[in-house]
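For reference, the chains in residue letters:
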Amino acid sequence: MRKIAESTVRRLSMYLRLLEEFAGQGVETVSSEALASRGGTTSAQVRKDLSFFGSFGKRGLGYAVPELVGRLRDILGLERSYRVIVVGAGKIGTALARYRGFGERGFHVAAVYDADPRKVGDSPDGLTVRDVRRLERDLAADPVDIAILSTPAGAAQAVAETLVLAGVRAIPNFAPVQLEVPPEVPVKDVNMALELETLSYALRQEGAEAGRAGQERKAGN
C-alpha cells in the first residue's frame, strides 16, 4: 500500500469537516476552488490529495458533497467506532475525557485511569477515574483500540509498555517524552509547547515583514 504523508491525511480531515459544513448549509455540489478557499490551500492541492485515493467529482461540475463525505469518512476509517481510554487524569486528560467532539466522530471514551489515589473515584463528565493498577485486568476483559496518554513524563514509558502488551493499537501521546514502542503501534506525539512555539515563530515573521514594509514606505517618502 502506498505511503501517504501525514500532511495529506490532515488535509483530508480538514476537507471532511468543511464538506460537512457545506452539507449542513444544504450545498449539494462543491468545487475544488471552494474547498481550497475555505481550507487555506490551493485547488491543485485539493485535487492532488484526493487523487491518491481514486477519482472524485466531474470536471466542470465539482464534487457531490454527500458522496465525497462518505468516501472521506471511509478513507479515514470513520465508518466504524473506536473504544478509547485516557491514562492520566490531570488537567489535559480530564479535558480530553470531557470533549464531546470525540463521540461525534466515533471515538468513545470508555474509561479514565490515574495513579493518584486522590483522583481515583472522581467523575469527569460521568466517567469515574479508575486506579491505573487495574489497567491490565480491565483491558484483558474489555479491549480498547486507542489509549490517550497524558501522564507525567516519568511514568509514560512504563504505561505505554503496559498498553502495548494489553493490545492497544494506537497511542496519542501528550506526555513530554519520546516513547519507545513497536513500529506496528502508531504513536502521535502532541506537544503543546511546540505548537505554541510554531505560532510564536509565525507571529514573529509577520511582525518582521510588517516592519520591513514600514521601513520601505519611509524610504520611499
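Read on for an overview of the structure. All values derive from a computational prediction rather than experimental measurement.

## Focus on the overall build of the protein
- Per the secondary structure count, the protein includes 9 helices and 8 strands.
- If one aligns the C-alpha atoms of the protein with their principal axes, the spans along those axes are about 65 × 50 × 35 Å.
- Out of the 221 residues belonging to the protein, those deemed buried represent 33%.
- Pairs at least 24 residues apart make up 55% of the contacts formed inside the protein by residues separated by at least 6 positions.
- The protein carries 30 positive and 28 negative side-chain charges, and their two centres are separated by 4 Å.

## Structural notes on the nonpolar core
- If you look at the biggest cluster of nonpolar residues, it comprises 19 residues, and the most contacted ones within it are Leu 19, Leu 35, Leu 50, Tyr 63 and Leu 72.
- When residues of this core are traced back to their parent elements, those giving at least two are α1 (6–24), α2 (32–39), α3 (43–51) and α4 (65–75).
- When residues in this core are grouped by element, the largest group, 7 residues, is from α1.
- Excluding anything up to four places from it in sequence, Leu 19 contacts Val 30, Leu 35, Val 65, Leu 68, Val 69 and Leu 72.
- Core analysis: the second largest hydrophobic core is formed by 18 residues, Val 144, Ala 147, Ala 160 and Leu 163 among them.

## A few points about helix α5 (residues 91–98)
- Within α5, burial applies to Gly 93, Thr 94, Leu 96 and Ala 97. Down the axis of α5, the smallest arc covering the buried residues is 160°, so these residues share one side.

## Quick look at the environment of Glu 6
- For Glu 6, the location among the structural elements is in helix α1.
- The spatial distance from the C-alpha of Glu 6 to the C-alpha of Leu 149 is 20 Å, given a sequence separation of 143 residues.
- Reaching out from Glu 6, the side chain makes a polar contact with the side chain of Lys 188 at a distance of 2.3 Å.

## Details of α4
- Looking at α4, one finds that the buried residues are Val 65, Leu 68, Val 69, Leu 72 and Arg 73. Down the axis of α4, the sector holding all buried residues measures 135°, keeping them to one side. Summarising the geometry of α4, the exposed residues directed more than 90 degrees from the buried face are Pro 66, Glu 67 and Asp 74.
- A positive backbone phi angle near 75° is found at Gly 77, which sits one or two residues after α4.

## Considerations on the environment of Arg 137
- Residue placement: Arg 137 occurs in helix α7 (residues 135–141).
- Separated by 29 residues in sequence, Arg 137 and Ala 166 have C-alpha atoms that sit 8.8 Å apart.

## A few points about the side chain of Ser 43
- Looking at the secondary structure, you find Ser 43 in helix α3.
- Overall, the relative accessible area of 19% leaves Ser 43 in the buried class.

## Remarks on the pattern of salt bridges
- Within this structure, the stated rule accounts for 15 salt bridges.
- Note that Glu 21 is salt-bridged to Arg 17, the shortest N-O span being 3.4 Å. Linking Glu 21 with Arg 17, this pair stays in helix α1, spanning 4 residues, or about one helical turn.
- For Arg 80, the salt bridge identified is with Asp 145, shortest N-O distance 3.1 Å.

What counts and how
Note on numbering: residues in each chain are counted from 1, in written sequence order. Owing to the predicted nature of the model, reporting of local features is limited to residues with pLDDT of at least 70; listing and counting of side-chain atom pairs is limited to 80 or more, with chain, interface and lining totals taken over all residues. The side-chain values count all of the structure's non-hydrogen atoms but skip hydrogen atoms and water molecules. Secondary structure elements follow DSSP: runs of H or I of four or more residues count as helices, runs of E of two or more count as strands, with numbering from the N terminus. Note on classification: 1.4 Å probe, protein chains only; a residue is buried when its accessible area is under 20% of the maximum for its type, exposed when over 50%, partly exposed between these limits. Contact criterion: two residues are considered in contact whenever any of their non-hydrogen atoms come within 4.5 Å of each other. Positive charges come from Lys and Arg, negative ones from Asp and Glu, while His and the chain ends are left out of the count. Think of each charge as sitting on NZ of Lys, CZ of Arg, CG of Asp or CD of Glu. Buried Ala, Val, Leu, Ile, Met, Phe, Trp, Tyr and Cys residues form a nonpolar core when they are joined through side-chain atoms within 4.5 Å. Summarising the geometry, the arc corresponds to the directions from the helix axis toward the C-beta atoms. In protein, a polar contact requires one atom able to donate a hydrogen and another able to accept it; more generally it is a pair of N or O atoms within 3.5 Å, and residues adjacent in sequence count only if both atoms are side-chain atoms. Only one rule defines a salt bridge in this text: a Lys or Arg side-chain nitrogen within 4 Å of an Asp or Glu carboxyl oxygen.

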